[in-house]
Amino acid sequence: MVRTPTEDGVERSLLSWLDAVGWETHGSDGGRGAGVLDEEYDRRRNEVIYWNLLAEQVIGLNDEITDENVEKFLTSLRRDLDHDNLLDGNQHVHELLTKGKTFTVQTDDGTETIYVDLIDFDPETFLETNRFHAVNQFSVSRATTIRPDVTLFVNGIPLVTMELKSVAQDNYYGDAIDDLQQYEADVPRLFVPGLFNVAADTMAFRYGAVGAPAEFYEPWNDAPEEYADPENDMKQAVQALCNPETLLDVLKNFVFFEQRPGGDAKIVPRYMQYYGVKRILERVRKDENDRGLIWHTQGSGKSFTMLYAADNLLSGNAARNPQVFIIVDTDKLNSQMRDQLSNLSLAHWTEAESIDHLQQLIEEGSSQLILTTIQKFQGIEPNVQSNENVVVMSDEAHRFMEADLGSRLEAAFDSYTHLGFTGTPVEEGEREKDRNTFTEFSPEGERYLHRYSVKDGIDDGLIVPVYFTLRHEMEWEVSEDALDEEFEREFRGMTTEEKREFISDTVTSRTMAELEPRVDRAVEEIDEHYSEKVAPNGWKGMVVTPSRRSAAMYGERLVERRGEDAVEVLYTARKDDDELVRQFHTDPEERDSIVKRFKEPDEEPSLLVVHNMLLTGFDAPILKTMYLDRNLTNHNLMQAIARTNRVTEGKENGEIVDFQGVFENIDDALDYDAETKAYAARDSEELFDELEQQVERVMEIFDGIPKDDSQEATNAAVSKISKHPHRREFKQGFRRLQNLYESVAPDGRLIEEGIQDEYKWLSGIHVAFERTTAGEETPEENMREKTREIINENVDVGKIRDDFPTYKLGEEYLEDVEGPSDPGVKASQIAHATQDHLHPRVGENPRYQRLSERVTEIVERWQDDQLSDPKAVEALEAVEEDVLEIEDEAGDDSAERAEFAIYTHFTEELEDGFESDEMAAEIAGELVNLFEERVDRDYPGWETNRATEQDVEILVLDVLAVEYERRDLIDDPLVDAIRGYLITNYA
């Protein structure tokens, strides 16, 4: 039999890939690699750094650190790991890692404060001077015990924590992310020095900064030639991102900490940002061309690419003491970038507040980042440049040619490197006067310096695909009263149909958008579409109109239908506007408040009506649908499309409802390459087709099973998807199916073509499956709105609850509950109940760890068809009985559990233990008594406080060495174990 890959198999492969790029690896032979380093460097299980290794490295890297003062230095460094907030600690330690830690040393002249390097970042020497270790199964015990799969250490400091899953065992990287986030909560100290985490399975690789939410775990889908491997994406990602050179480069030069209203965030680069910046630095360093275009699609983080480039330039990574400019062309973009800079940990930047201030900055030529608008260059005198190394980065480069903005910049500088950043380059024609972003920024023979396309963004999951629905041929009444008198006199003899045809062929889109009967009909459709398709899932919408008057007309009618709080109209009115337009006037402060509320899921408004505003640079992931009644083309259309493509949980796609017919001929609307046209926006019919195909894919899993609501059919279905490979297929398949259904429904074709009936059946199976495999009491409540409505109306949830009860470990279950008749379902239920019960208890008693490993081994053999369903049930029930027996022996209170855990360790884990079990019990009891007497537990965080650790160490010595004269037993593993049992059972 061919054995499917296990998590151990993924570990071994990953360690071999790391070994090939320069890491010292331990554990690739299948053993516990961390144990090798633990023994060599005498690490205690509650420590997250190999302090003895770090001591050696610090002495080697710093002349002033010696054997005599290194322990004093490390004692100070230990305190740097103590933080109540993970990200605060991570930012503090990141600064120590990258800039060095201050330390006072004795000299012949007294004392001197120096910076002590923990890591050597010198590209000429770093491979020889640093130690790079990759180990598996690094176990840390503090208030609880965690054991990530692979950990990367530089000089004994953990920089990368990896959790790996086996697809063959129906786990995937999403489960690994969940585990990593739980580790961060359980033992945050491990992640205080960390750079990023990795979640991977046998098919996919994701990485995320320490503290990142799940949606910010992203792929690394590019690599330089030496790491490229088209046959193995995961190997390529591991080696391209985690090779020592790139890892230290990211640590040193590509980390920001951002202050955010909901909590600070750590920012690490996406791969297109990293490689784009490396191209920029190479261009500036070689000084062969003075231009370059960075074409990154909207939503890929273009602003951060610019800021990473600026930070690297100012750090001297390409030119000596350069002066760097970020240039924008609107006050709005200027304020957005200013706010971004203010919230980041980026040093040495200023904003040009006026033309005179900008000229002063250019004349001074100091090496710093300067933010300015292009308009301020209008009054700059020529020949005032004093810094010969000037790098200019122009944001929204597709607009740079407008109003002769480029000539103003050229007049200000004698020489400079000019880099354009855009998601929507302009290429309007071949004449010299035509606007062309490529002509402006690309050297001869080069179209762009670096590109990240719309397709790349969708493939990587950084943006969602956008679908359009044509509504430009909607039926509406042509009322003669709504047309002006001159039109009526001239065309009085026309039929209604002839008038409509004339309007369509002759009248401008703006005039049409201001015809009352058409506005009435469009608003009716918007209101209906939004209520049925958008609002149920909590998404929001935007109406785009060709004029402020039409915006006001839409606004009036939508407010009447949906209420004043639900709708806001954004534009600036002028003094000569009539009352219709003036009623919706907003000033900048009001608009900022409206936009802020719009971005929040639980606040109004839910619909914005705009003319020009928010069509560029507006980032609101909650915006799902744009109602487009304005004739946009090319880069303006691409910018508008991108407002709906931002990613957030549960959002399968963005949507454009087109009232102008812009997308009727995509070749006319978008003058871009074929790939961009194909991926910018797709016909919504394709979305329906995808739903049909996804239903078929998921239904195929259950071939041969009756599609009725009988217990037998549901039992057979749940049994089938409880094991490999169908478990993963169903979990992922139904997740995507649910998102597609929520996007398409309601649609009459769902009923006509039988899709809704199949979806109802699958939804019922999903409820039963979640109750069985995840122990969720009411999984239907966590499903999306339209799906939940179908379940409530069409699925007998009460019957499913009776047929598939959720089980918790306990005597009542073993003695009184027979459970489902299908042994496959029963095995799945028992496995989940046991694992769920054991997970938080592993650190409480050594037997729990062994039982947890037994459950994992049983499930692996069962999933691999080495155990039949009945045999798996029998084996798992035996584990349950052992778990309950331990709990019965351990007792109910903290003291009893801790004493029993220590006693168990003495009698079962030590090779040379005690003469009698009675003596082991006596000493265990004495340790618990002293713990209660001496250790202060009346303050938050006592479990991880250094004082607690020291108190426990002392009492262990007092009991074992002094009172019972068993000094021979004392070693770090035993002290660590006793400390862990005491703290875990009392915490």
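Rules behind the numbers
Residues numbered from 1 in each chain as written. Predicted model: local features only at pLDDT ≥ 70, side-chain atom pairs only at ≥ 80, totals over all residues. Heavy atoms only, no water. Helix = DSSP H or I, 4+ residues; strand = E, 2+ residues; numbered from the N terminus. Buried < 20%, exposed > 50% of the residue type's maximum accessible area, 1.4 Å probe, protein only. Areas by Shrake-Rupley, 256 points an atom, 1.4 Å probe, with all protein chains shown as cover. Lys, Arg positive; Asp, Glu negative; His and termini not counted. Charge placed at Lys NZ, Arg CZ, Asp CG, Glu CD. Pairing = 2+ DSSP bridges. Axes fitted to C-alpha atoms, helices over the stretch in contact; angles between N-to-C directions. 1 Å grid on protein atoms, 1.4 Å probe; cavity = no way out; pocket = protein on both sides within 12 Å on 5 of 7 lines; lining within 4 Å. Points joined across faces, edges and corners; volume = space filled by probe spheres on them. Nonpolar A, V, L, I, M, F, W, Y, C, P; charged D, E, K, R; others polar. Core = buried A, V, L, I, M, F, W, Y, C linked by side-chain atoms within 4.5 Å. Contact = heavy atoms within 4.5 Å. Right-handed = clockwise from strand over helix to strand, strands pointing away. Parallel < 35°, antiparallel > 145°, perpendicular 65-115°, else oblique. Left-handed = near helix turned anticlockwise from the far one by under 90°. pLDDT = per-residue confidence, 0-100. Phe/Tyr/Trp six-rings, centres within 6.5 Å; stacked < 30°, edge-to-face > 60°. Lys NZ or Arg CZ within 6 Å of the ring centre and 35° of its normal. Salt bridge = Lys/Arg side-chain N within 4 Å of Asp/Glu carboxyl O. Polar contact = N/O pair within 3.5 Å; in protein donor to acceptor, adjacent residues only side chain to side chain. Patch = residues over 30% accessible without salt bridge, like charges linked within 9 Å, V, L, I, M, F, W, Y side chains within 5 Å.

*Asks:* I tried to follow the overall build of the protein chain on my own but got confused; where do I start?
*Replies:* Check the secondary structure of the protein chain and you find 41 helices and 26 strands. Buried positions account for 56% of the 987 residues belonging to the protein chain. As presented, the protein chain carries roughly 43000 Å² of accessible surface, and 41% of it is formed by carbon and sulfur atoms. Within the protein chain, the 215 negative side-chain charges are centred at a point lying 4 Å from the centre of the 102 positive side-chain charges.

*Asks:* Teacher, can you tell me more about the sheet that holds strand S8 (residues 157-164) here?
*Replies:* On the basis of which strands lie adjacent, the open sheet formed by 6 strands has the order S1-S4-S7-S8-S9-S10 and mixed pairing. Each of the sheet's edge strands pairs with one partner strand only, and the pair in question is strand S1 (24-26) and strand S10 (205-209). Strand-to-strand twist in this sheet, taken as the mean axis angle between neighbours without regard to direction, amounts to 20°.

*Asks:* When you look at the layout of surface pockets in this model, what are you seeing that I'm missing?
*Replies:* The probe, sized like a water molecule, is rolled over the atoms to show the empty space still left. The volume enclosed by the second largest pocket comes to roughly 1400 Å³. Taken together, 43 residues line the second largest pocket, and the ones lying closest to its centre are Asp249, Lys252, Asn253, Asn312 and Asn317. Tallying contributions element by element places helix H10 (residues 271-286) first for the lining of the second largest pocket, with 7 residues. Each residue belonging to the lining of the second largest pocket can be placed in one class, and the counts come to 18 nonpolar, 12 polar and 13 charged.

*Asks:* Can you help me understand the nonpolar core in this one?
*Replies:* Proteins that are soluble and globular tend to have nonpolar side chains buried together. In terms of nonpolar packing, the biggest core is built from 124 residues, with Phe205 and Trp220 touching the most fellow members. Core analysis: the second largest hydrophobic core is formed by 38 residues, Tyr467, Phe702, Phe730 and Ile800 among them.

*Asks:* Explain helix H3 (residues 51-61) to me, please; I cannot follow it from the model alone.
*Replies:* Because the α-helix completes a turn every 3.6 residues, residues three or four places apart line up on one side. Taken together, the buried positions of H3 are Trp51, Leu53, Leu54, Ala55, Gln57 and Val58. Tucked into the core, H3 has its buried residues touching helix H2 (33-41), helix H4 (70-80), strand S3 (110-116), helix H6 (126-129), strand S4 (132-136) and S8.

*Asks:* Quick question: what am I supposed to make of the pairing of strand S16 (residues 369-373) here?
*Replies:* Remark: a regular strand shows side chains that alternate across the two faces of the sheet. Burial analysis of S16 places 5 of its 5 residues in the buried class, which makes it a mostly covered element. Because side chains alternate across S16, one face comprises the buried residues Leu369, Leu371 and Thr373, and the other comprises Ile370 and Thr372, equally buried. The sheet contact formed by strand S15 (residues 349-351) and S16 spans 3 bridges and is parallel. Of the residues in S16, the one forming a bridge with Glu351 is Leu371. Regarding topology, helix H13 (residues 355-364) serves as the crossover connection from S15 to the parallel S16, and that connection is right-handed.

*Asks:* Can you walk me through the sheet that holds strand S23 (residues 607-610) in this structure?
*Replies:* Two strands in a sheet stick together by hydrogen bonds in their backbones, pointing the same way (parallel) or opposite ways (antiparallel). Taken together, the 7 strands give an open sheet; going across it, the order is S22-S23-S21-S24-S25-S20-S26, and neighbouring strands pair in parallel fashion. Only two strands of the sheet have a single neighbouring strand rather than two, namely strand S22 (567-570) and strand S26 (682-683). The sheet contact formed by strand S21 (residues 540-544) and S23 spans 4 bridges and is parallel. Across the sheet, residue Val544 finds its bridge partner in S23, namely Val610. Across the sheet, helix H20 (residues 516-534) is in contact with S21, S23, strand S24 (623-628) and strand S25 (654-658); its angle to S24 comes to roughly 160°.

*Asks:* What is the right way to read the packing of H20 against helix H21 (residues 548-562) from this model?
*Replies:* When two helices pack together, their arrangement is given by the angle between the helix axes and by the axis-to-axis distance. Where H20 meets H21, the axes come as close as 10 Å, and the angle between the chain directions of the two elements is 45°. The angle between H20 and H21 places the two elements in the oblique class. Taken as a pair, H20 and H21 cross one another with a handedness that is right-handed. Across the interface between the two elements, Glu516, Arg518, Val519, Asp520, Ala522, Val523, Glu524, Ile526, Asp527, Tyr530 and Ser531 of H20 pack against Met553, Tyr554, Arg557, Leu558, Arg561 and Arg562 of H21. Considered class by class, the residues forming the contact of H20 with H21 number 8 nonpolar, 1 polar and 8 charged.

*Asks:* Teacher, can you tell me more about the confidence of the model for the protein chain here?
*Replies:* Reading predicted coordinates in detail is not appropriate for stretches of low pLDDT. Averaged over every residue, the pLDDT of the protein chain is 87; the share at 70 or more is 93%. Here residues 1-5 scores under 50 on pLDDT; set against residues more than four positions off or in separate chains, the count is 12 contacts.

*Asks:* Looking at this structure, how should I read the packing of aromatic side chains?
*Replies:* Any pair of aromatic rings gets described here by the distance separating the centres and the angle formed by the planes. Following the criterion strictly, the structure yields 35 aromatic pairs and no others. Geometrically, the ring pair formed by Tyr207 and Trp220 is edge-to-face, given 5.6 Å between the ring centres and 70° between the ring planes. In this pair, Tyr207 is assigned in strand S10 and Trp220 in the loop between S10 and helix H8 (233-242), connecting sequence segments 13 residues apart. Take Tyr207: its relative accessible area is 3%, and that puts it in the buried class. Summarising the aromatic geometry, the rings of Trp220 and Tyr274 are spaced 5.8 Å apart at their centres and angled 50° between planes, so their arrangement reads as tilted. Within this pair, whereas Trp220 is found in the loop between S10 and H8, its partner Tyr274 is found in helix H10, the two being separated by 54 residues in sequence. Neither residue differs from the other here; Trp220 and Tyr274 are each classed as buried. Of the aromatic side chains, those joined through ring pairs into one cluster are Phe196, Tyr207, Trp220, Phe254, Phe256, Tyr271, Tyr274, Tyr275, Phe304, Tyr308 and Tyr452. The ring of Trp51 has Arg78 sitting right over it, with the charged end atom 4.4 Å from the ring centre.

*Asks:* Quick question: what am I supposed to make of empty space enclosed by the protein here?
*Replies:* Scanning the model with the defined rule gives 8 cavities of 30 Å³ or more in all. The computed volume of the largest cavity comes to approximately 80 Å³. The wall of the largest cavity is formed by 14 residues, among which Val454, Ile463, Ile641, Asn645 and Ala680 lie closest to the centre. Looking at the lining of the largest cavity, the elements with two or more residues in it are helix H16 (454-460), helix H24 (634-642) and helix H26 (674-680). When its residues are assigned to classes, the lining of the largest cavity shows 11 nonpolar, 3 polar and no charged.

*Asks:* Even after reading the chapter, I still don't get the pattern of salt bridges, so can you show me in this structure?
*Replies:* Between side chains of opposite charge, pairing is possible as soon as their charged atoms come close. Applying the stated rule across the entire model yields 54 salt bridges. Put simply, Arg561 and Asp527 hold a salt bridge, and the shortest N to O gap is 3.2 Å. Linking Arg561 in helix H21 with Asp527 in helix H20, this pair joins segments that are 34 residues apart in sequence. Looking at Asp527, the relative accessible area reads 13%, which means it is buried. A single salt-bridge network, built from bridges that share partners, covers Arg847, Arg850, Glu889, Glu908 and Glu909.

*Asks:* Any chance you could explain the packing of helix H39 (residues 917-934) against helix H40 (residues 946-963) here in plain terms?
*Replies:* The N-to-C vectors of H39 and H40 enclose an angle of 140°; their axes lie 10 Å apart at closest approach. On the basis of the axis angle, H39 is oblique to H40. As H39 packs across H40, the resulting crossing turns out to be right-handed. Here Ile923, Glu926, Leu927, Leu930, Phe931 and Arg934 of H39 lie close against H40, whose contacting residues are Asp951, Val952, Ile954, Leu955, Val956, Asp958, Val959, Leu960 and Glu963.

*Asks:* Just to check I follow, could you spell out the side chain of Asp395 for this structure?
*Replies:* Position of Asp395 among the secondary structure elements: in the loop between strand S17 (390-394) and helix H14 (405-412). Of the polar contacts made by the side chain of Asp395, one reaches the side chain of Lys302; its length is 2.8 Å. Aside from chain neighbours lying at most four places away, what touches Asp395 is Lys302, Met306, Ile327, Val328 and Phe421.

*Asks:* Just to check I follow, could you spell out unusual backbone geometry for this structure?
*Replies:* Working note: non-glycine residues mostly have negative phi, and peptide bonds are mostly trans. Here Glu604 and Pro605 are connected by a cis peptide whose omega angle stands at 10°. By secondary structure assignment, the location of Pro605 is in the loop between helix H23 (588-599) and S23. Pro746 follows Ala745 through a cis peptide bond whose omega is -5°. One can find Pro746 in the loop between helix H29 (726-744) and helix H30 (748-752). The phi dihedral of Asn383 falls on the positive side, at around 60°, and the residue is not glycine. Examined against the element boundaries, Asn383 turns out to sit in the loop between S16 and S17.

*Asks:* Quick question: what am I supposed to make of a negative patch on the surface here?
*Replies:* A surface patch of like charges, here negative, comprises Glu881, Glu885, Asp888, Asp892, Asp893, Glu896, Glu899 and Glu932. Among the elements that take part in the negative patch, helix H37 (residues 869-890) stands out by supplying 3 residues, more than any other. When you line up the elements, Asp892 lands in the loop between H37 and helix H38 (894-908). Note on Asp892: relative accessible area 73%, which makes it exposed.

*Asks:* Would you mind going over the pairing of S10 with me for this structure?
*Replies:* When you tally the buried positions in S10, you get 5 out of 5 residues, the bulk of the element. Of the two faces of S10, the one holding Phe205, Tyr207 and Ala209 and the one holding Arg206 and Gly208 are both buried throughout. Looking at chain direction, strand S9 (residues 196-200) and S10 are connected through 5 bridges and run antiparallel. Within the sheet, the bridge partner assigned to Asn197 lies in S10 and is Gly208.

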